[in-house]
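One letter stands for each residue in the lines below.
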Amino acid sequence: MNAPVTRRVAVLGITAAATSFAAPSILRAQSAGRVVVVGGGFGGAACARALKRADTRFQVTLIEPNTTFTSCPFSNEVIAGLRDIEAQQFGYEKLAAEGIAVAAQAATTIDTQKRSVTATDGTAFAYDRLVLSPGIDFHFGAMPGYDNAASEKMPHAWKAGAQTLLLRRQLEEMPDGGTVAIAIPANPSRCPPAPYERASLIAHYLKTRKPRSKVLILDAKDTFSQQRLFEKAWKELYGDMIERIGLSQGGRVTSVDAATRTIVTEFGNYTPDVANVIPPQRAARIAQIAGAADATGWCPIDPVTFESKLVQNVHVIGDACLGGGIPKSASAASAQGKACAAAIVNLLAGRAPETPRLTGVCYNIVAPGYGFSLAGNYQPRGDIFAEVEGGATSPVDAPRELRAREAAEAEHWFQTITADTFG
């Protein structure tokens, strides 16, 4: 449904400029409320922080089993040996210092009738409003042969951490002249351009360390975000080192055999030296437990308030939600977290929520000092977010000076968003 005209428009977004990370302009709550946030990534942490900064009387609890968050953005540089994983890791001490109760546990059950979340140790957290920002899980059933055990031989590295380091180690151990295969799923998926950035940076590693090797992309899509920019960069930087087989050429992976490291597609089988298999995805399991996910595996929401269309008093943000035109990215999750916080403040105070206008930016690094970006503006239209005018993408024919500048801007963006989210 379209937003009533009584709702004001609030612009919340993430861009390379530090000023874009200011807390949303929201009205002060008239009374304290209890808000539980499940998931401490870019969306959940940003939401918790924005709520507490809106009114210190809010009782904000962040439930997150990991004491250290490992960022997916820039983790492709870790895989390529350009960055240490420690540069990707952030704690929750600053959030706790602001008065947010951080429970280092996993949420196991949600009683939406009693408005209560139970954690692994049996502690129950009551809420007036619940925010789910749990990210993704893998839909293993959609790719026969691929499961957690298979991922130890054919890593996905789509959740940053141990898998990131496993893929990096496999690249280091691969002999020169080997093949690295990257299996890419159909959309929706987390950060759609990231697999192609990964292919680029792996090619950079191979070019500098193992120049007789190649990268094979097996893709369940015919087209992808920023395709012309990637393909131009591949030709310029890597020649014929990267080969991509799209959907219509038989690139969709139908199954795998981890024991033999075999990837099966509709038109043939491949046995690469290193297999990076990114499986189909869906909202994380706690969203399923809460009843917030539909038959697609994702969570439909009211785009004005981020409230679940299936469960009352539950909001879903970040990768887990059905966002329409807005991508599943750190930038989008952070903007959604702040907009959701603004909506909750107004809802608990009995006021009409504002209509959010979100700004997101996606940077891709294809080699050291070579980057490009895509920025978009998104606003509710009907039941989803739709892209509106004002977005921009890097020009295809641009001098290397611009590519270098955008690579530097990407690093600045990362430093800014992580400081804004985690302190």
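Residues numbered from 1 in each chain as written. Predicted model: local features only at pLDDT ≥ 70, side-chain atom pairs only at ≥ 80, totals over all residues. Heavy atoms only, no water.

Strands sit in the order E15-E16-E17 across an open sheet of 3 strands; the sheet is antiparallel. Single-partner strands in this sheet number two, and they are strand E15 (253-257) and strand E17 (269-270). Direction of pairing for strand E16 (residues 262-265) relative to E17: antiparallel, over a ladder of 2 bridges. Bridge pairing links Val264 to Asn269 in E17. (Pairing = 2+ DSSP bridges. Helix = DSSP H or I, 4+ residues; strand = E, 2+ residues; numbered from the N terminus.)

The subject of this paragraph is the pairing of strand E10 (residues 129-132). With burial as the criterion, each face of E10 is covered, one bearing Arg129 and Val131 and the other bearing Leu130 and Leu132. As paired elements, strand E2 (residues 34-38) and E10 share 4 bridges and run parallel to each other. In the strand pairing of E10, Val37 is matched with Val131. Alignment of E10 against strand E20 (residues 314-316), held across 3 bridges, turns out to be parallel. Within the sheet, the bridge partner assigned to Leu132 lies in E20 and is Val316. (Buried < 20%, exposed > 50% of the residue type's maximum accessible area, 1.4 Å probe, protein only.)

Here we come to the packing of aromatic side chains. Under the definition given, this model contains 17 aromatic pairs. With centroids separated by 5.0 Å and ring planes inclined at 85 degrees, the aromatic side chains of Phe230 and Phe372 adopt a geometry described as edge-to-face. Here the residue Phe230 occupies a position in helix H7 (residues 227-238), and Phe372 occupies one in strand E22 (residues 370-381), the gap between them amounting to 142 residues. Of the two residues, Phe230 and Phe372, neither departs from the other in class, the shared state being buried. For the ring pair Tyr363 and Trp413, a centre distance of 6.3 Å and an interplane angle of 50 degrees mean the geometry is tilted. One end of the pair, Tyr363, is in strand E21 (residues 355-367); the other, Trp413, is in helix H10 (residues 400-422), and 50 residues separate them in sequence. Take Tyr363 and Trp413: they sit in the same class, and that class is buried. Each member of the aromatic cluster is reached from another via a ring pair, and the members are Phe42, Phe69, Phe74, Phe90, Tyr92, Phe414 and Phe422. The ring of Phe138 is capped by Lys159, whose NZ or CZ atom sits 5.4 Å from the centre of that ring. Between the NZ or CZ atom of Lys328 and the centre of the ring of Trp298, over which it lies, the distance is 4.0 Å. (Phe/Tyr/Trp six-rings, centres within 6.5 Å; stacked < 30°, edge-to-face > 60°. Lys NZ or Arg CZ within 6 Å of the ring centre and 35° of its normal.)

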